[in-house]
Each structure stands twice: as structure tokens, then as C-alpha cells.
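In case you want the letters, here they are:
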Amino acid sequence: MGNETLINDRIDQLVAEHDPAGDRTEFMRAQFDLGIAWVAFPKGRGGLGLPHSYQDHVDKRLDAITEHRPTFFDIIGHGMGAPMLLAHGTDEQCDRYLRPLFTGEEVWCQLFSEPGAGSDVAGLSTRAIKDGDEWIVNGQKVWTTVAHIAKWGMLVARTDPEAPKHRGMTYFLMDMQAEGVEIRPLRQITGEAEFNEVYMTDLRIPESQRIDQVGAGWRVALTTLMNERVAIGGRVGPRHSGPIGELLDVWKERGGTDADRDRVMQLWVEAEAARLTNLRAQQNRTHGTPGPEGSTAKLVFAELNKQIYSKAVELLGAAGMLYDTYDLIIPEGPDDVRSDIRRSFLRSRANSIEGGTSEIMRNILGERVLGLPGEPRIDKDLPWAEVPRG
Ligand SMILES: Cc1cc2nc3c(=O)[nH]c(=O)nc-3n(C[C@H](O)[C@H](O)[C@H](O)COP(=O)(O)OP(=O)(O)OC[C@H]3O[C@@H](n4cnc5c(N)ncnc54)[C@H](O)[C@@H]3O)c2cc1C
């Protein structure tokens, strides 16, 4: 049986046995069990072991034969957590966490950044100390998106301060609702509090929630980050969709000068080139963790998005300066996003910071893709405890 026939059969079975207009969780659980959640994942893990490019076929066919099919997309859990767990988790961990992650029953967040460790995340200070079959965690994380609604957090903590910084960390799944976790909202330029500060005080994490080996935290963090860059920058929508589609809508409604038209055209060409490049990368990708090319997609996405929304707000004229509310809004879910050009303009400022700044993306591309000389890293082989910190 061909791959498309196999997928079509599974989709037909899903829709025949489960009402797409019915219960979302039940429908998505069945989708996972039939292997058409993430087709590139192995059988029994929500997939069919097929190349990534078949996911597009699944989504299009499901959209075509169902009017309002239940969907849920969580960029952190789906885009980063699931591939991380598949690459580094045990069978028990994959069995426990993947299905409720796909259905949205359990939302995930990412606990990497700290007040003293952002771009240099390997310098982080949050400590985890082994105590029997548990770990006791103390420290602070920051900019933690959706921490306030998450069930699980991907935590990197220092377990060996005497080892060089990259070798003394361990990766855990942390229960965000456990005793010892305090979450405080942080307000952004949009007025919303998508992200938070997270404090851990004598938090206990069972050994069963450790991911991969003790001391392998950096390796697992890299898998997470590589997937994050593709998840943020590598998504492929239809032509004219996304930010460039919104700019075209504003252009059609408001118009502008010849110079404006040239600029809109130029941005359209760049957006289309980026879209087609991502499409090609997606088709070439078979299985496994994406490489540093994900940084290209992330860099282009961030810089282009900022330019597109700047132009859209400029075309709006004085109306571009009006903003509906600066009241504190706390999103209720990962897909709870207000649709407004002015809000998107303000939010796009974060694109070149979140998931690694544009400067860091350029460093990665320079060193790992172009083979240029690396940055001087004087603390690389020093024990973390001996590295001076501010
Ligand atoms: C909207 C948003 C959501 C986020 N969500 C999360 C989340 O869910 N979880 C999480 O863990 N983190 C999250 N972050 C944090 C994000 O990953 C960090 O902000 C980012 O990695 C930069 O770290 P920093 O803010 O500490 O800046 P710094 O690392 O202090 O950088 C400051 C400036 O110095 C530059 N710089 C630093 N090092 C170098 C270098 N070696 N070469 C050249 N320039 C350099 C940077 O580019 C930047 O301009 C989020 C951030 C934003 C804006």
C-alpha cells in the first residue's frame, strides 16, 4: 500500500469513528492512536514513521473532508517538547507524556532562560541536588512563556558545579503545579503577560522525570533549541498567508504611494522566497533533529516579520498609532492570540529575541554553516563554579 493510501485510510477511519464536531480531546486521542498526529514519529508514538513532508498531506486532507476539525497547536510542546522527548526520553516517558501533549490536555513550557543566563544559557545557575530517588531544585527562571497554564516544564538545571558549564547540567520535566513552584506574570510591550518569572524553592522532582543521563542536559537542550528554531521560523503556510497576507490586506484597503507599492512588492518577494526555502527544507527533512540550517529560517523570519509589520502600521497612517488596550491580559492558552495589526507590530519586536537572538543566529550560521572562525570562549573548559559571574 502506498503511503498516501495508508494515510487516507487512517483519516477515513478517524472521521468515520469519531465526530469531528464532537469532543476535541476524544477526536485528537484517536488521531494520535491512528498515527496521524505527527506522521514522521514512529508507530505507537503518534506517527507512521513517514517523512515529514507527508504531514502536509494529512492536514490538507483532514481540512478538506471535515468542516471544523478539532486542532490544537502549542509551539513549545508540539514544536519542541515532543521531538525532544522522542530523541531523549525513555519508552515509559514517551508513553506517559506524548499523547496528552498532542491533544492539549497537558500544556508544556520551557524553563531555560535565567536573569543571568539568556544567550549564554549554558551558564545557568538553577541547582538540582540528588536526594534519594528525588532531586531538590532551587533557582529562578525568567521569560517563561505560558508557565501559568502549563502542566510540564522543560527544565535545565546545574547538577555538577565543578564540571565545565556545558557538562554539568541535567534536563528534567518539572511539574509546574507542584509545591515549591511560584509563577509571577511579566507584562510585555503588547500589554499581555504571555511569559512569567518562575521561582523554584526546595521543589522535589522524582528521578523518573529526569530526561537522558545525569550531565547530558546540554545535549538535550540543544535538541530542544534546534527544534525551537524550526518551529518558530520554518513553518510553511499557503502563499499570501501569515504576516505578508496581512500586509497585502492593509495595502488593498488603504493603498499608498508608488514608493509604498515598491516596498510592499519587495517584502512580498522576500516572504515568498523564505516560504519556498522553508518548503524545500521541509521536503528534504526526513527524520531526526534539524541541523543549524534552522537558524537561517529563524533569522529570516524574525527580521522579515519586523519589517512587514512596520510597513503595515505605516500604511495605516494615524490609525496605526491607536491601540485598543494596555490593560494587563493574561492569555488563557498557547493559541489565545489577539488578531490586530498594531498588536502584531508590537509583538514582532520580540521575534529577534525569543528562541535565540538574531546576533546568536548569525554566530551559529557563521561558525557552523559557513565555517568561519569561532568566537573566543575563555570559560569553556573552566569548572562552572570558577567562572566569574555578575
Ligand atoms: C517573547 C519571548 C518569549 C520567550 N520565551 C521564553 C521561554 O518560554 N523560555 C525561555 O527559557 N526563554 C524564553 N525567552 C527568553 C529568550 O530565549 C532570551 O531572551 C534570549 O535567549 C536572549 O537572552 P537575554 O534576554 O538574556 O539577552 P542577553 O543574552 O543578555 O543578550 C543581550 C544582547 O547581547 C547580544 N549578545 C549576547 N551574546 C552575544 C554574542 N555572543 N555575540 C553577539 N551578541 C550577543 C544579544 O543578541 C542581545 O542583543 C523568551 C523571550 C521573549 C522575548
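Residues numbered from 1 in each chain as written. Predicted model: local features only at pLDDT ≥ 70, side-chain atom pairs only at ≥ 80, totals over all residues.

Chemist: Sorry, what's going on with the overall build of the chain here?
Modeler: Each helix and strand in the chain was counted, giving 11 helices and eight strands. Here the chain has a C-alpha radius of gyration of 22 Å; the compact-globule value for 390 residues is 21 Å, and the two agree. Once the C-alpha set of the chain is aligned to its principal axes, its extents read approximately 65 × 50 × 45 Å. Counting every position in the chain, which comprises 390 residues, the buried fraction comes to 37%. (Helix = DSSP H or I, 4+ residues; strand = E, 2+ residues; numbered from the N terminus. Rg over C-alpha atoms; globule rule 2.2 N^0.38 Å. Buried ≥ 20, exposed ≤ 12 C-beta atoms within 10 Å, placed from the backbone.)

Chemist: Looking at this structure, how should I read the site of the ligand?
Modeler: Around the ligand, the surrounding shell holds 20 residues, and the nearest of these are Phe112, Gly118, Ser119, Thr357 and Glu359. Here the shell around the ligand is built from residues that sort into eight nonpolar, nine polar and three charged. Formed jointly, the shell around the ligand draws a minimum of three residues from each of two domains, domain 2 (108–216) and domain 3 (221–369). (Near = placed C-beta within 6 Å. Nonpolar A, V, L, I, M, F, W, Y, C, P; charged D, E, K, R; others polar. Domains from an automatic or database assignment.)

Chemist: Sorry if this is basic, but what is going on with the domain arrangement of the chain here?
Modeler: Often the size quoted for an interface is simply the accessible area lost on bringing the parts together. Assigned domains of the chain: these are domain 1 (3–103), domain 2 (108–216) and domain 3 (221–369). Relative placement of domain 1 and domain 3: their C-alpha centres are 26 Å apart. Across the contact, 15 residues belong to domain 1 and 14 residues belong to domain 3. Along the lines of polarity and charge, the residues of the side of domain 1 that touches domain 3 split into 10 nonpolar, four polar and one charged. (Contact = placed C-beta atoms within 7 Å.)

Chemist: Help me out: how do you make sense of helix α4 (residues 77–88) in this one?
Modeler: Most of α4 is tucked away, with 10 of its 12 residues classed as buried. Turning to α4, its buried residues are Gly77, His78, Gly79, Met80, Gly81, Ala82, Pro83, Met84, Leu85 and Leu86. The secondary structure elements touched by the buried residues of α4 are α5 (91–103), β1 (108–111), β4 (152–158) and α6 (217–233).

Chemist: Would you take a moment to explain the environment of valine 137 for this structure?
Modeler: Among the structural elements, valine 137 can be located in strand β3 (residues 134–141). Residues valine 137 and isoleucine 205, 68 residues apart in the sequence, show an inter-C-alpha distance of 7.5 Å. If we ignore the near neighbours within four places in the chain, the residues touching valine 137 are Thr126, Ala128, Ala157, Met200, Leu203 and Ile205.

Chemist: Looking at this structure, I do not really get the packing of helix α2 (residues 24–33) against α5. What am I missing?
Modeler: The description of two helices packed together rests on the angle between their axes and the distance between the axes. α5 packs onto α2 with a crossing angle of 130 degrees between their chain directions and a minimal axis gap of 8 Å. By the criterion of interaxial angle, the relationship of α2 to α5 is oblique. For the pair α2 and α5, the crossing hand works out as right-handed. Residue-level contacts link Thr25, Met28, Arg29 and Phe32 of α2 to Arg99, Phe102 and Thr103 of α5. (Axes fitted to C-alpha atoms, helices over the stretch in contact; angles between N-to-C directions. Parallel < 35°, antiparallel > 145°, perpendicular 65-115°, else oblique. Left-handed = near helix turned anticlockwise from the far one by under 90°.)

Chemist: Sorry, what's going on with the packing of helix α7 (residues 242–254) against helix α8 (residues 258–284) here?
Modeler: It is at 10 Å that the axes of α7 and α8 come closest, and there the two elements cross at 160 degrees. Classified by the angle their axes make, α7 and α8 are roughly antiparallel. The interaxial crossing formed by α7 with α8 has left-handed handedness. Facing α7, whose interface residues are Ile244, Leu247 and Trp251, α8 presents Val264, Leu267, Trp268 and Ala271.

Chemist: Explanation requested: the pairing of strand β5 (residues 169–175) in the structure shown.
Modeler: Each regular strand carries side chains that alternate between the two faces of the sheet. With six of seven residues buried, β5 lies mostly within the body of the structure. Pairing of β4 with β5 involves seven bridges; the strand directions are antiparallel. Looking at the pairing, valine 156 lines up with tyrosine 171 of β5. (Pairing = 2+ DSSP bridges.)

Chemist: What is the right way to look at the environment of glycine 35 in this model?
Modeler: You can see glycine 35 is positioned in the loop between α2 and α3 (54–65). On the basis of neighbour count, glycine 35 is assigned to the buried category, with 22 C-beta atoms found within 10 Å. Separated by 17 residues in the primary sequence, glycine 35 and histidine 52 have C-alpha atoms spaced 13 Å apart. Setting aside chain neighbours within four positions, we find glycine 35 in contact with Arg10, Lys43, Gly46, Gly47 and Leu48.

Chemist: Hey, could you run me through the environment of aspartate 249 in this one?
Modeler: Position of aspartate 249 relative to the elements: it lies in helix α7. You can call aspartate 249 partly exposed: it has 13 C-beta atoms within 10 Å. C-alpha separation for the pair aspartate 249 and glycine 123, spaced 126 residues apart in sequence, amounts to 45 Å.

Chemist: Could you clarify how one ought to interpret unusual backbone geometry in this entry?
Modeler: Phi is mostly negative for residues that are not glycine, and the peptide bonds are mostly trans. Backbone geometry places aspartate 202, a non-glycine residue, at a positive phi of 50 degrees. Structurally, aspartate 202 can be placed in strand β7 (residues 195–206). You will see that aspartate 212, though not glycine, has its phi angle at about 65 degrees, which is positive. Along the chain, aspartate 212 turns up in the loop between β8 (210–211) and α6.

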